[in-house]
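Listed below, chain by chain, are the residues.
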Amino acid sequence: MSELDNIPATHKAPLLAGVVGFPIDHSRSPLMHNYWLKRYGIKGHYIPISLSGAEFVAGIRSLPRLGFKGVNITIPHKVTMLGLADTVTDRAALIGAVNTIAFKPDGTIWADNTDGYGFIQNMRQNAPLWKAASGPALVLGAGGAARAVISALLAEGVTELRLANRTRQRAQLLADQFGAKVQVVDWNRASDAVDGAETIVNTTSLGMQGQPDLPIMLDLAPKTATVSDLVYTPLITPLLESAMALGLVAVDGLGMLLHQGVPGFEQWFEHRPEVDEGLRMAVLDR
Ligand code: NAP
């Protein structure tokens, strides 16, 4: 029995978690996790933590001593964290980046990437009839978010994945890593690759406020296609507007952000939270 076992539950220190990045002011994760903490009456805090590259390793190592159960990891530390963890989940290793860690009682760090999980859960919640395996997918972009989406679509049984990126070489590197189901298509021909694609996903930053629109036409998409945009500022991007105008199912990127937070919250605060309209409003309302 440890000294802590003698402390009444009401006197125990609050559970602590947070998000580490640089800069960190833009993160919506505190809004999300603190909404859940309040909603479920859990005594805990979720704190934004700014650590520069030079401070990162020592900063992360100090967190368990301060009582943190774990943290989310965001830009620019997602790849560095991979090398610092003692245990890395298969999906994080495949994606090549970490966004969620837990400090284990034996002093080790466990690391995961929940972006692909968040993407799939968002599709399931907002396009209930969608199935990755129902036909080819077209993924636009070949950055970090694309890696998560591609690995998740392949795990869900997509049969053919067309990949278009402005810098073709980056798309080719992903195709080489993920295997023969991933076929690179030319960025300038992406509107042709829409033909027959049942799943169309924008993982580029195009369409975001202050960025140019994505130069893709959806006219050739099957009537049964589902279109998802990872960009969520604005919530309805020009791509999603075009999808809706054509009567296609459109899924915004906010749900992915919310769902990717679920596994971390469950680990740290020992309660599986729900992604519902109240949470969406709380996160949008800033
Ligand atoms: P990243 O690694 O920097 O990749 C950026 C991607 O956008 C690359 O494919 C890049 O193409 C492309 N791109 C940027 N500017 C472009 C332009 N002017 N024309 C054509 N392509 C352009 O970023 P990331 O981490 O993958 O994130 C990408 C987007 O997804 C961001 O908007 C991010 O906020 C969003 N995201 C959302 C969620 C969510 O939960 N909803 C999660 C993760 C990311 P090149 O390779 O040619 O540079």
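The model shown is predicted, which means the values in this text are computed figures rather than measured ones.

Our focus in this paragraph is the nonpolar core. In terms of nonpolar packing, the biggest core is built from 28 residues, with Phe119, Val139, Ile150, Leu153, Leu161, Leu163 and Val182 touching the most fellow members. Only α5 (115-126), β7 (137-140), α6 (144-155), β8 (161-164), α7 (168-178) and β9 (182-185) provide two or more residues apiece to this core. In terms of residues, this core owes the most to one element, α6, which gives 6 residues. Other than its neighbours up to four places away in sequence, Phe119 contacts Val149, Leu153, Val201, Ser228, Leu230 and Met256.

With that settled, the discussion passes to the site of the ligand. Ala145, Asn165, Thr167, Arg170 and Gly253 are the nearest of the 21 residues found near the ligand. Ala142 places a main-chain nitrogen or oxygen 3.0 Å from an oxygen atom of the ligand. Within the backbone of Leu257, one N or O atom sits 3.2 Å away from an oxygen atom of the ligand. For the ligand, the protein covers 75% of the area, taking 920 Å² as the surface of the free molecule. The site holding the ligand turns out to be the largest pocket.

Our next topic: the sheet that holds strand β11 (residues 226-229). Pairing is parallel in the open sheet, where 6 strands are placed in the order β9-β8-β7-β10-β11-β12. Every interior strand has two partners, whereas the edge strands, β9 and β12 (249-251), have only one. Looking at each pair of strands side by side, their axes are set apart by 20° on average, direction ignored. As paired strands, strand β10 (residues 199-202) and β11 are joined by 4 bridges and run parallel to one another. Bridging from a neighbouring strand, Ile200 pairs with Val227 of β11. The sheet contacts of α6 involve β7, β8, β9 and β10, and relative to β7 the element is tilted by about 170°.

Cut-offs and rules
Residues numbered from 1 in each chain as written. Predicted model: local features only at pLDDT ≥ 70, side-chain atom pairs only at ≥ 80, totals over all residues. Heavy atoms only, no water. Core = buried A, V, L, I, M, F, W, Y, C linked by side-chain atoms within 4.5 Å. Buried < 20%, exposed > 50% of the residue type's maximum accessible area, 1.4 Å probe, protein only. Helix = DSSP H or I, 4+ residues; strand = E, 2+ residues; numbered from the N terminus. Contact = heavy atoms within 4.5 Å. Near = heavy atom within 4 Å. Polar contact = N/O pair within 3.5 Å; in protein donor to acceptor, adjacent residues only side chain to side chain. Areas by Shrake-Rupley, 256 points an atom, 1.4 Å probe, with all protein chains shown as cover. 1 Å grid on protein atoms, 1.4 Å probe; cavity = no way out; pocket = protein on both sides within 12 Å on 5 of 7 lines; lining within 4 Å. Sits in = over half its atoms within 2 Å of the grid points. Pairing = 2+ DSSP bridges. Axes fitted to C-alpha atoms, helices over the stretch in contact; angles between N-to-C directions.

This is a description of form; function is not addressed.
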